[in-house]
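Breakdown of the fold
The primary structure of each chain is shown beneath.
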2 protein chains.
Amino acid sequence: MNQAAPPPMRQMWHPPEDPDHGKGPGCNPSGEDAYGACAARAFGPTIELPAADAGPVHPGQEGDAMSTLADLDTPFLVLDRDRMDANLARMRRHAERLGVTLRPHLKTVKSVPAAQRVLGDMANPATVSTLQEAEAFAEAGCTDMIYAVGIAPAKLPRVIALRKRGVDLAVVVDNAAQVDAVCAASRDAGTPIPALLEIDSDGHRSGLRPGDPQIVALGRALAEGGAELRGVLTHAGESYGCFTLSEQEALAAKERDVATGAAEALRAAGLTCPVVSVGSTPSVHFATDMTGVTEVRAGVFTLSDLVMAGLGVGGLDDMALSVVATVIGHQPDRGWLITDAGFMALSRDRGTAQMPVDQGFGLVADLDGRPFGDLLVLKTNQEHGILGMREGSAAPLPELPVGTRLRIYPNHACATVAMHPSFAVIAGGDEIVETWPIERGW
Amino acid sequence: MNQAAPPPMRQMWHPPEDPDHGKGPGCNPSGEDAYGACAARAFGPTIELPAADAGPVHPGQEGDAMSTLADLDTPFLVLDRDRMDANLARMRRHAERLGVTLRPHLKTVKSVPAAQRVLGDMANPATVSTLQEAEAFAEAGCTDMIYAVGIAPAKLPRVIALRKRGVDLAVVVDNAAQVDAVCAASRDAGTPIPALLEIDSDGHRSGLRPGDPQIVALGRALAEGGAELRGVLTHAGESYGCFTLSEQEALAAKERDVATGAAEALRAAGLTCPVVSVGSTPSVHFATDMTGVTEVRAGVFTLSDLVMAGLGVGGLDDMALSVVATVIGHQPDRGWLITDAGFMALSRDRGTAQMPVDQGFGLVADLDGRPFGDLLVLKTNQEHGILGMREGSAAPLPELPVGTRLRIYPNHACATVAMHPSFAVIAGGDEIVETWPIERGW
């Protein structure tokens, strides 16, 4: 296959033209009705069918100087760079308005060329979910990272190795065993490892409870034990389960208050707390006042997905990620189309299952990216996808012959990205302008 | 990290000592009660806690000549070669008793060194789920494969390329568009592409209905259009939803009857049908009479998993696949342990969700592979696993300090394998004796 060459390393990001067509973060923040309208815009059933002049699909055509979405063997992963640029521009403006530093979470894109575009300047702050990401991004010039998963003591040698290369990599802790290990590793290496105390803002995962005296005790142990108390960090993951604007705004405020409260407790005890870090894409998106917060971490906003659309964070036309599949069969009696994109290509993620609009394993669009509306991936086997109409839909199953190429928008961008070796990058059209490798593993 | 070197290519498989300790396929085929007892043996709640003399876990220890499960950074994937060998030996004996050829489905292991062990001689028949698998296994000497996903016409050039290298790769079709494309590609290449007609034995995915006159029409079109009618193929995927021995045996018989019925229809029309191919691990495992069938395809039996254990196909001690994770925190108020193995390491697969015993996202064991019994992965985020006791369990949460390494048995081996770059291979003990790369992508 004739794929475009990867871009040169350390290529700089150029801000795109302002693409903000009235759908900035917060949508219309005047009340729940406005949010409801915003969310309704995002949902499938209101999408129109593609125009009749969309033209036929020509699977497998070859011979052009540049590959297109019709050329590569399916399934493969597509990233629309124009949509990503628009998502980045909106979030940057939003962070600027809030007066906080944006520290994008690169766990969504997991790719050096994508990270270069997300960060703009690789010296800008970043968040990572694995040390392999940290090592790959450090190699490409990234010098300011938080590894935002509680540190396993055995991984500290890799943290030290990166720090000795001049990378300001900080770790996250929420218990005495981790603090002891970080202090011991700092003393052994003769260099303090910066650590953030994780605070639990919503009971969904890790972190010390707000008001727990251990916050100050562990902060002091870090500062006095040879490590560096860098600050506090929280992640309001429950924002994925908030379906009204008032719930989202309340959770964003709680996330802020929990983080700033912990910072105040540390400062009141005579400790420093330079960083107050909060985030999740929805809680950042819906935040209106970040007083006391220094930085926000968000990742999935970069590519967006059906979960984000369902939460009203973005519209369907903000989704920059899709999987190209080919129709390989039909079961007309059951109202099914069969494709070659199963759970290996889409992931098993069912993030919309508990949401107001369940999108199955993905929303199906034509090769130009226009959703059919009610055509979903109903079921996935390893290398088969079973497509059919949304339950209750009155629309007929589209006539899509064997060989037709489709684009499937996934529930959860992070989960789908990690199923693929690379992104086929488009810029609005169907030409593949770049190929960006994806860093999988740990 | 000091990993063992990959094994030499084309290494031959040596059958292990007979490990069949009274749990061969079919379990005790004397009735549902016997099956119930068999299944009960497999379920978590009856598992005993590890012996008190299990000894402490030493995370991160280094300096041995050979790496152990305590050395590599977590999460990573472990394959117990001894257990796999035992699974292979049992299935080979079962196929021999049934008088059918075993054509293992390599979609589970997706790895050249693993395939060499599964096939024994690489000239033996194999099944693949992607053309990338076919190309990798062909490179390692595999010459007899079925690509068991309905062919997308645009992929035929890669099929032709493999066939021109001497690989007998067959494709699968169930509609006229595919047949036309296969015939046209055969004529263009001047060599007939062998195709199997997919027959639908249980309504769960692809295939022509039993008795459909299209079976003969498409068979004739292949034979007369320049391709080769190799035979018929069916896959009773509904075997994953059969929870009694009588249901499983009935489905296995139906799968056989549907395939042999289609073969008879072709032969009655004067066409040849040399191959009658059936399979899914459960339907092969529970089959007692394969008269008229020439070969069985099964994949997940090689590694086994919690779904297979739940179906009574194997016991928990037949599971050859696990993920090593490290405890990174605790939430004692909620009865949770937090580890560094989230859905990136385990996959999002919830294959046991609809089964009699729901195993969450995985069953947790100590580093020696002995399940704690009721300790499950309750929830997964991208790089976090949340562990807790099975609902209704009276057992206390085990005391597992930060840094403790655990092994997690996954629901679905195929889904978990594809999340990882390689297997750390053990042979019963904790030494990593080989590292086997995994072929991901398409």
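Notes on the structure in this doc start here.

Cut-offs and rules
- Residues numbered from 1 in each chain as written.
- Chains lettered and ligands numbered in written order.
- Predicted model: local features only at pLDDT ≥ 70, side-chain atom pairs only at ≥ 80, totals over all residues.
- Heavy atoms only, no water.
- Buried < 20%, exposed > 50% of the residue type's maximum accessible area, 1.4 Å probe, protein only.
- Helix = DSSP H or I, 4+ residues; strand = E, 2+ residues; numbered from the N terminus.
- Pairing = 2+ DSSP bridges.
- Contact = heavy atoms within 4.5 Å.
- Axes fitted to C-alpha atoms, helices over the stretch in contact; angles between N-to-C directions.
- Expected span 1.5 Å × (residues − 1).
- Buried area = accessible area lost by both parts, 1.4 Å probe.
- Salt bridge = Lys/Arg side-chain N within 4 Å of Asp/Glu carboxyl O.
- Polar contact = N/O pair within 3.5 Å; in protein donor to acceptor, adjacent residues only side chain to side chain.
- Least-squares fit on C-alpha atoms with pLDDT ≥ 70 in both.

**So, the pairing of strand E15 (residues 405-409) of chain A**
Residue and element names in this part refer to chain A. Counting buried positions along E15 gives 5 out of 5 residues, so the element sits mostly inside the fold. Residues of E15 alternate between two faces, with Arg405, Arg407 and Tyr409 on one and Leu406 and Ile408 on the opposite face, all of them buried. Pairing geometry for strand E10 (residues 321-331) and E15, over 4 bridges, is antiparallel. Along E15, the bridge assignment pairs Thr326 with Arg405. Across 3 bridges, strand E12 (residues 363-365) lies against E15 in antiparallel orientation. Counted as the bridge partner of Leu363 is Tyr409 from E15.

**Description of the sheet that holds strand E9 (residues 295-297) of chain B**
Residue and element names in this part refer to chain B. If you trace the 8 strands from one edge of the open sheet to the other, you get E2-E9-E8-E7-E6-E5-E4-E3, paired in parallel fashion. Each end of this open sheet is capped by a strand with a single partner; those strands are strand E2 (101-102) and strand E3 (126-128). Pairing of strand E5 (residues 168-173) with strand E6 (residues 194-199) involves 3 bridges; the strand directions are parallel. Its bridge partner being in E6, Val171 is matched across the sheet by Ala195. Sheet strands in contact with helix H6 (residues 176-189) are E5 and E6, and its direction is about 150 degrees off that of E5.

**With respect to helix H8 (residues 245-268) of chain B**
Residue and element names in this part refer to chain B. Spanning 24 residues, H8 covers 34 Å between terminal C-alpha atoms, matching the ideal 34 Å at 1.5 Å per step. Along H8, the positions that sit buried rather than exposed are Leu245, Gln248, Leu251, Ala252, Glu255, Arg256, Val258, Ala259, Thr260, Ala262, Ala263 and Leu266. Just beyond H8, the residue with positive phi is Gly270, at close to 85 degrees.

**Topic: the interface of chain B and chain A**
Opposite the 61 residues of chain B that make contact, chain A presents 61 residues. For the pair chain B and chain A, the summed buried surface comes to about 4900 Å²; carbon and sulfur atoms form 53% of the total. Seen at the junction of chain B and chain A, the total is 10 salt bridges. In this structure, the salt-bridge partner of Asp333 of chain A is Arg209 of chain B, at a minimum N-O distance of 3.3 Å. Scanning the region where chain B abuts chain A turns up 30 residue pairs in polar contact (both at pLDDT 80 or more). For the side of chain B that touches chain A, the secondary structure elements donating two or more residues are H6, strand E10 (321-331), strand E11 (336-339), helix H11 (343-346) and helix H12 (413-417) of chain B. The biggest single contributor to the side of chain B that touches chain A is E10 of chain B, with 4 residues.

**Here's the deal with the sheet that holds strand E3 (residues 126-128) of chain A**
All names here are of chain A. Pairing is parallel in the open sheet, where 8 strands are placed in the order E2-E9-E8-E7-E6-E5-E4-E3. Pairing within the sheet leaves two strands with one partner each, and these edge strands are strand E2 (101-102) and E3. In terms of strand pairing, strand E7 (residues 228-234) meets strand E8 (residues 275-279) through 3 bridges, oriented parallel. Each residue of the ladder has a partner; that of Val232, found in E8, is Val276.

**A few points about the pattern of salt bridges**
Enumeration according to the criterion identifies 52 salt bridges over all chains in this entry. Here Glu133 of chain B makes a salt bridge to Lys110 of chain B, at a shortest N to O gap of 2.8 Å. One end of the pair, Glu133 of chain B, is in helix H4 (residues 131-139); the other, Lys110 of chain B, is in the loop between E2 and helix H3 (112-119), with 23 residues separating them in the sequence. Since its relative accessible area comes to 2%, Lys110 of chain B is described here as buried. Put simply, Asp368 of chain B and Arg370 of chain B hold a salt bridge, and the shortest N to O gap is 3.2 Å. Residue classification places Asp368 of chain B among the partly exposed positions, given a relative accessible area of 45%. Given the relative accessible area of 29%, Arg370 of chain B is considered partly exposed. Here the residues in one salt-bridge network are Arg163, Asp168, Glu228 and Arg230 of chain A, joined through shared partners.

**Points about the relation of the copies chain B and chain A**
Under the fitted operation, chain B is carried onto chain A by 0.0 Å of movement along the axis and a turn of 180 degrees, and the coordinates agree to an RMSD of 0.0 Å. These values place the two chain copies in the arrangement generated by a two-fold rotation axis. Residue Arg348 of chain B of chain B places its C-alpha closer to the rotation axis than any other residue of that unit, at 2.6 Å. Most of the interface of chain B is mirrored in chain A: 100% of its interface residues are interface residues there too.

**Regarding the environment of Ala395 of chain A**
Residues and elements named next belong to chain A. Mapped onto the elements, Ala395 comes out in the loop between strand E14 (385-389) and E15. For Ala395, a relative accessible area of 34% gives the class partly exposed. Counting along the chain gives 23 residues from Ala395 to Phe372, while the straight-line C-alpha distance between them is 9.6 Å. Dropping the residues within four chain positions of it, Ala395 is found in contact with Asp374 and Met389.

**Re the environment of Ala176 of chain B**
Turning to its location among the elements, Ala176 of chain B is positioned in helix H6. Between the alpha carbons of Ala176 of chain B and Ala217 of chain B there is a distance of 9.0 Å; along the sequence they are 41 residues apart.

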